[in-house]
Amino acid sequence: MFRTDPETPDVFLTPVEEVFIRSHLARHSGLDADTWTLTVEGLVERPLRLDFRALQGLPQRRFTAVHECFGNPLRPTVPTRAVTNVDWVGVPLAEVLELAGPRPEARHVWLEGADRGDFAGESGVSYLKDLPLEEARTEVFLAHRMNGEALRPDHGYPVRAVAPRMFGTNSVKWLTRVVLAAERPEHLFTTRLYTRVLPGESEARPVREKDVSSKLLSPPDGATVPAGAAELAGYAWSSTEVTAVEIAVDDGDWQPAELDGRGPHPSWQRFRLRYDLAPGPHRVRCRATDSAGRVQPLDGDRNAVHEIRVTAAVSGRPAGR
Ligand code: MTE
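Residues numbered from 1 in each chain as written. Predicted model: local features only at pLDDT ≥ 70, side-chain atom pairs only at ≥ 80, totals over all residues. Heavy atoms only, no water.

**Some words on the sheet that holds strand 15 (residues 228-237)**
Worth spelling out the cut-off: Each pair of strands is called paired provided DSSP finds at least two bridges between the two strands. Helix numbering and strand numbering both begin at the N terminus, where a helix is a DSSP run of H or I of at least 4 residues and a strand a DSSP run of E of at least 2.
Pairing is antiparallel across the open sheet formed by four strands, whose spatial order is 13-15-19-18. Bordering the open sheet on either side are strand 13 (213-218) and strand 18 (258-259), each of which pairs with just one other strand. Where strand 15 lies against strand 19 (residues 269-277), nine bridges are found, and the strand directions are antiparallel. Bridge pairing links Ala-230 to Tyr-275 in strand 19.

This is the structure we're talking about:
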């Protein structure tokens with residue numbers, strides 16, 4: 001169930017109707033805030049079943065975070081650039097783990113959604129992800145609001161996990177079960193899919209922290225713009241702060257763009273460069289670097305530099321005529 005992406009609009013918060021929907025399994029709906037419960041089980045001192053009211057009674061956090069799909073797990077190096085920036089409200093998973101009391105042998109936290117279906121040749125599978133306990137304590141929120149409204153059914157109503165610094169695949173929708181365990185789960189969505197070998201490494205690891213990336217949004221790809229001074233702009237993001245974005249027009253040098261700081265939340269950062277576009281067709285590329293020193297590759301990976309084509313025209317006349 002993959003829905004086509006609308007082009008992400010050039011606004012800081014992506015309107016809910018523009019946020020992509022990625023649901024691998026067919027059956028999810030029917031969940032209701034009045035009957036929803038979350039169980040916390042496995043290696044815990046006090047197994048729990050929380051309802052929606054109890055969840056809302058726990059401390060809430062509000063944060064803005066990039067929500068990015070890793071891409072098709074069967075084609076992990078193909079860029080899809082399905083990326084949005086969302087304002088979430090939720091309860092830190094740590095609060096719920098605290099109530100249940102992880103036993104000393106607990107090392108991993110499994111997060112499971114209520115949806116079931118068929119994917120990649122397996123039938124009747126659930127959507128399950130996992131994180132080491134220490135990361136689950138600091139990285140995961142149980143979100144129930146998105147851009148100021150209750151989650152919509154396709155986005156995980158009534159409660160989903162959100163791991164703000166990680167790819168969207170880790171943010172389990174329709175969350176109903178948390179398990180503490182000594183081991184990672186062997187599962188379609190944990191050990192078979194959504195794993196990758198990072199550059200310079202030999203072992204596959206789970207897809208978790210976001211890569212450094214950027215996307216040009218203005219002017220839109222394929223646009224015709226007036227020749228002369230233009231603003232080339234977009235957003236850059238990473239699991240850490242982005243520290244530089246450069247733009248290259250045609251075969252010109254990479255030029256530093258102006259870049260907003262990230263602020264307290266892992267949101268995206270706007271960049272812009274004033275550039276004099278000569279009449280004619282142009283190729284425009286952007287490349288981000290983050291505070292960990294990672295730079296977007298020119299090609300060959302899912303976070304390769306983004307490239308758009310624009311045409312600069314003189315006073316309404318198509319260029320080059
Ligand atoms: N959670 C469940 N239960 N089932 C799913 O199929 N898809 C994951 C993640 N959580 C998924 C899920 C993937 S691959 C992504 S990118 C995000 O949800 C997408 O969230 P969205 O549809 O709200 O944008």
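**Notes on the environment of Arg-165**
Convention followed: Every residue pair with non-hydrogen atoms within 4.5 Å of one another is taken to be in contact. Under this definition, polar contacts are N or O atom pairs within 3.5 Å; protein pairs additionally need one hydrogen-donor-capable and one acceptor-capable atom, and for neighbouring residues in sequence, both atoms have to be side-chain atoms.
For Arg-165, the location among the structural elements is in the loop between strand 9 (160-162) and strand 10 (175-181). The spacing of Arg-165 and Ala-65 is 100 residues in sequence and 7.5 Å in space, taken between C-alpha atoms. Leave out the neighbours within four places in its chain, and Arg-165 touches Glu-139, Glu-209, Lys-210, Ser-239 and Pro-266. Of note is the side chain of Arg-165, whose polar atom sits 3.2 Å from the backbone oxygen of Ser-239.

**Some words on the nonpolar core**
Defined as follows: For this analysis, a nonpolar core means a set of buried residues of the types Ala, Val, Leu, Ile, Met, Phe, Trp, Tyr and Cys, connected via side-chain atoms within 4.5 Å. Exposure categories follow from relative accessible area, calculated using a 1.4 Å probe and restricted to protein chains: below 20% of the type maximum is buried, above 50% is exposed, and the middle band is partly exposed.
One finds Leu-93, Val-96, Val-109, Leu-111, Val-178, Leu-180 and Phe-189 to be the most contacted residues of the largest nonpolar core, which totals 43 residues. Those residues in contact with Val-109 that lie beyond four places of it in its chain are Leu-93, Leu-97, Lys-129, Asp-130, Leu-131, Leu-133, Ala-136, Val-178, Val-179 and Leu-180.

**A look at the site of the ligand**
Here is the rule we go by: Each residue is tested against the molecule or strand, and it is near if at least one of its non-hydrogen atoms lies within 4 Å. A 1.4 Å probe and the Shrake-Rupley method give the accessible areas. Residues count as covered only by the protein chains that appear here. The nonpolar class holds Ala, Val, Leu, Ile, Met, Phe, Trp, Tyr, Cys and Pro. Asp, Glu, Lys and Arg form the charged class, and all remaining residues, Gly among them, are polar.
As a structural note, the neighbourhood of the ligand is formed by 18 residues, with Phe-20, Asp-115, His-155, Arg-160 and Lys-173 the closest of them. Here Arg-22 contributes a backbone N or O atom positioned 2.9 Å from an oxygen atom of the ligand. One of the backbone nitrogen or oxygen atoms of Ser-171 is found 2.9 Å away from a nitrogen atom of the ligand. Protein chains shield 100% of the accessible area of the ligand, which is 530 Å² for the free molecule. Classifying every residue of the shell around the ligand by side-chain character gives seven nonpolar, seven polar and four charged.

**Brief notes about helix 2 (residues 93-100)**
In plain terms, the rule: The directions from the helix axis to the C-beta atoms are what the arc is built from.
Taken residue by residue, helix 2 has Leu-93, Val-96, Leu-97 and Ala-100 as its buried positions. For helix 2, the arc enclosing every buried residue in end-on projection is 100°, short of the 170-degree limit, so these residues lie on one face. In the segment just after helix 2, Gly-101 is the residue with positive phi, at about 70°.

**Topic: the pattern of salt bridges**
Rules: By definition here, a salt bridge exists when the distance from a side-chain nitrogen of Lys or Arg to a carboxyl oxygen of Asp or Glu is within 4 Å.
All told, the structure shown has 24 salt bridges when counted by the stated rule. Between Asp-130 and Arg-208 there is a salt bridge, and its shortest N-O distance comes to 3.5 Å. With a gap of 78 residues between them, Asp-130 in strand 6 (residues 122-132) and Arg-208 in the loop between strand 12 (205-206) and strand 13 connect regions that are remote in the sequence. Asp-130 gets classed as buried once you look at its relative accessible area, which sits at 4%. With a closest N to O distance of 2.7 Å, Arg-137 and Glu-134 form a salt bridge. With Arg-137 and Glu-134 both in helix 3 (residues 133-139) and three residues apart, the pair spans about one turn of that helix. One network of salt bridges, with partners in common, ties together Glu-68, Arg-196, Asp-211 and Arg-302.

**With respect to the pairing of strand 19**
Across two bridges, strand 18 lies against strand 19 in antiparallel orientation. Following the sheet pairing, Glu-258 is matched in strand 19 by Arg-272.

**Section: unusual backbone geometry**
Omega for the peptide link from Tyr-157 to Pro-158 comes to 5°, which places this bond in the cis form. Tracing the chain through its elements places Pro-158 in the loop between strand 8 (149-150) and strand 9. Between Ser-218 and the following residue, Pro-219, the backbone shows a cis peptide bond with an omega angle of 0°. Position of Pro-219 among the secondary structure elements: in the loop between strand 13 and strand 14 (224-226). For Arg-81, which is not glycine, the phi dihedral falls at a positive 55°. Along the chain, the position of Arg-81 falls in the loop between strand 3 (61-68) and strand 4 (83-92). What makes Arg-81 buried here is its relative accessible area of 18%. We note that Ala-120 has phi near 50°; this positive angle belongs to a residue other than glycine.

**Brief notes about the sheet that holds strand 17 (residues 255-256)**
Adjacent strands of a sheet pair through backbone hydrogen bonds, lying either parallel or antiparallel. What the five strands build is an open sheet, ordered 14-21-20-16-17; its pairing is mixed. In this open sheet, the two strands that pair with only one neighbour each are strand 14 and strand 17. As judged from the seven bridges shared by strand 16 (residues 242-249) and strand 20 (residues 280-290), these two strands associate in the antiparallel manner. Residue Val-245 lies in a different strand from strand 20, and its bridge partner there is Ala-288.

These values are about where atoms sit, not about what they do.
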